[in-house]
Amino acid sequence: RIDLWDAVPAGELSMSWLARTWRKVRRVSRALRHYTEWLRVIRYVASLKPDVVQLGDIRFAFDLFPLLLLRRKVRYLADVCHNVRPYATGGKGVGHFDRSRLQAFFYRRIYRLFDVVFVHFERNRREFRETFGVPDARIRVIVHGNEEIFSELANPAVDSTALRGRFSIGAGKPVVLFFGNLSRYKGIDVLLEAFPAVQRNTGAHLLIAGFPFAGFDLDAEKERTRRLGIEEHVTW
């Protein structure tokens, strides 16, 4: 329902003065568009008069203000908080979680607007409660169960043998798989630094599958594999 823009534009970022100025102007125009869309959606929700409105990650601290308006239009407001701390969207912290006091100030007030907030895992419940001061009575944990229930949806042609063939990994060779978006906070650099010892002791192959987020230097991490002497044992 919210009509915004491509969050991951293609191409290299220019550092020229004109390009930097244009990006600042674009940020202002996008902010206006963002909150215009918020108002449009709030009007739509008000017309529906739903029993429950459920949201996902709250990307920006200043979304507090449209959320205050939304709170007045709905009977029961719920949120699924995938990451207890929001991602940093700019500056040197891009690719990490934002732990600034200003962000925490806004998010404490944001989460107090919800009747219930769902988090993943018990550990996240404790961190969420300690970070934002939301009482346990309004926090629920989503327990991740047995993922074998999804096996019936799998393509039978895509099995272990086929995947090993696609990536030229020998039959029976141990595989370490990283799957998900590549971001600085996930510690892929630590994984790569540890992998020479893993590889020597197990003969394993490392498969890293995911899209690099802003702030993740893919070339630098590939160079790390060359420096560590594990390049032939790592597939990106």
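Before reading on, note that the structure itself is shown above.
Residues numbered from 1 in each chain as written. Predicted model: local features only at pLDDT ≥ 70, side-chain atom pairs only at ≥ 80, totals over all residues. Heavy atoms only, no water.

## Some details on the overall build of the protein
So, step 1. For the protein, the helix and strand inventory stands at seven helices and seven strands.
So, step 2. With 236 residues in all, the protein has 31% of them scored as buried.
So, step 3. Residue pairs at least 24 apart in sequence account for 68% of intrachain contacts in the protein once pairs closer than 6 positions are excluded. (Helix = DSSP H or I, 4+ residues; strand = E, 2+ residues; numbered from the N terminus. Buried < 20%, exposed > 50% of the residue type's maximum accessible area, 1.4 Å probe, protein only. Contact = heavy atoms within 4.5 Å.)

## Structural notes on the sheet that holds strand β3 (residues 116–120)
So, step 1. The strand order across the open sheet built from four strands is β1-β2-β3-β4, with neighbouring strands paired in parallel fashion. Here the strands that pair on one side only, and so sit at the sheet edges, are β1 (53–55) and β4 (139–142). Ignoring strand direction, the axes of neighbouring strands in this sheet form an average angle of 25°.
So, step 2. Judged from the four bridges that link them, strand β2 (residues 77–81) and β3 form a sheet pairing that is parallel. Bridge assignment links Ala-78 to a residue of β3, and that residue is Val-116. (Pairing = 2+ DSSP bridges. Axes fitted to C-alpha atoms, helices over the stretch in contact; angles between N-to-C directions.)

## Focus on helix α7 (residues 218–228)
So, step 1. Among all positions in α7, only Glu-221, Arg-224 and Thr-225 are buried. Down the axis of α7, the buried side of the element spans an arc of 100°, and every buried residue falls inside it. Along α7, exposed side chains directed more than 90 degrees from the buried face belong to Asp-219 and Arg-227.
So, step 2. Between the side-chain oxygen at the start of α7 and the backbone nitrogen of Asp-219 there is a gap of 3.3 Å, and the oxygen is on Asp-217.
So, step 3. One or two residues past the end of α7 sits Gly-229, with phi positive at roughly 75°. (Arc of directions from axis to C-beta. Polar contact = N/O pair within 3.5 Å; in protein donor to acceptor, adjacent residues only side chain to side chain.)

## Side note on the pattern of salt bridges
Charged atoms that come close allow side chains of opposite charge to pair.
So, step 1. If you walk through the whole model with that rule in mind, you get 12 salt bridges.
So, step 2. A salt bridge links Glu-193 to Arg-227; its shortest N-O distance comes to 2.9 Å. You can see Glu-193 sitting in helix α6 (residues 188–202) and its partner Arg-227 sitting in helix α7, a full 34 residues away along the chain.
So, step 3. With a closest N to O distance of 3.6 Å, Arg-226 and Glu-231 form a salt bridge.
So, step 4. The partly exposed category is assigned to Arg-226, whose relative accessible area is 40%.
So, step 5. It is possible to trace a salt-bridge network through shared partners that takes in Glu-122, Arg-125, Arg-129 and Asp-136. (Salt bridge = Lys/Arg side-chain N within 4 Å of Asp/Glu carboxyl O.)

## Overview of the nonpolar core
So, step 1. By size, the foremost hydrophobic cluster in this structure holds 27 residues, and its most contacted members are Leu-55, Leu-67, Leu-70, Ile-110, Tyr-111, Phe-114 and Phe-128.
So, step 2. Elements with a minimum of two residues in this core: α1 (17–48), β1, α2 (64–71), β2, α3 (101–111), β3 and α4 (121–132).
So, step 3. Among residues more than four places away in sequence, those in contact with Ile-110 are Ile-58, Phe-60, Ala-61, Leu-64 and Leu-67.
So, step 4. Counting 11 residues, the second-largest nonpolar core is a separate cluster that includes Leu-182, Ile-188, Ala-204 and Leu-206. (Core = buried A, V, L, I, M, F, W, Y, C linked by side-chain atoms within 4.5 Å.)

## Describing the layout of surface pockets
The gaps left among the atoms become clear once a water-sized probe is rolled over them.
So, step 1. Of the voids in this model, the second largest pocket is the one considered here, and its volume is about 290 Å³.
So, step 2. If you go around the second largest pocket, the residues you meet are Ser-160, Leu-163, Arg-164, Arg-166, Phe-167, Ile-169, Val-175, Leu-177, Phe-179, Leu-207 and Ala-209.
So, step 3. Elements with a contribution of two residues or more to the lining of the second largest pocket: α5 (160–166), β5 (175–179) and β6 (205–209).
So, step 4. Per-element accounting of the lining of the second largest pocket gives the leading share, four residues, to α5. (1 Å grid on protein atoms, 1.4 Å probe; cavity = no way out; pocket = protein on both sides within 12 Å on 5 of 7 lines; lining within 4 Å. Points joined across faces, edges and corners; volume = space filled by probe spheres on them.)

## What to know about α1
So, step 1. For α1, with 32 residues, the first-to-last C-alpha span of 47 Å sits near the 46 Å given by 1.5 Å per residue.
So, step 2. By the burial criterion, the buried members of α1 are Ala-19, His-34, Glu-37, Trp-38, Val-41, Ile-42 and Val-45.
So, step 3. Directly beyond the C-terminal end of α1, a positive phi value near 50° is found at Lys-49. (Expected span 1.5 Å × (residues − 1).)

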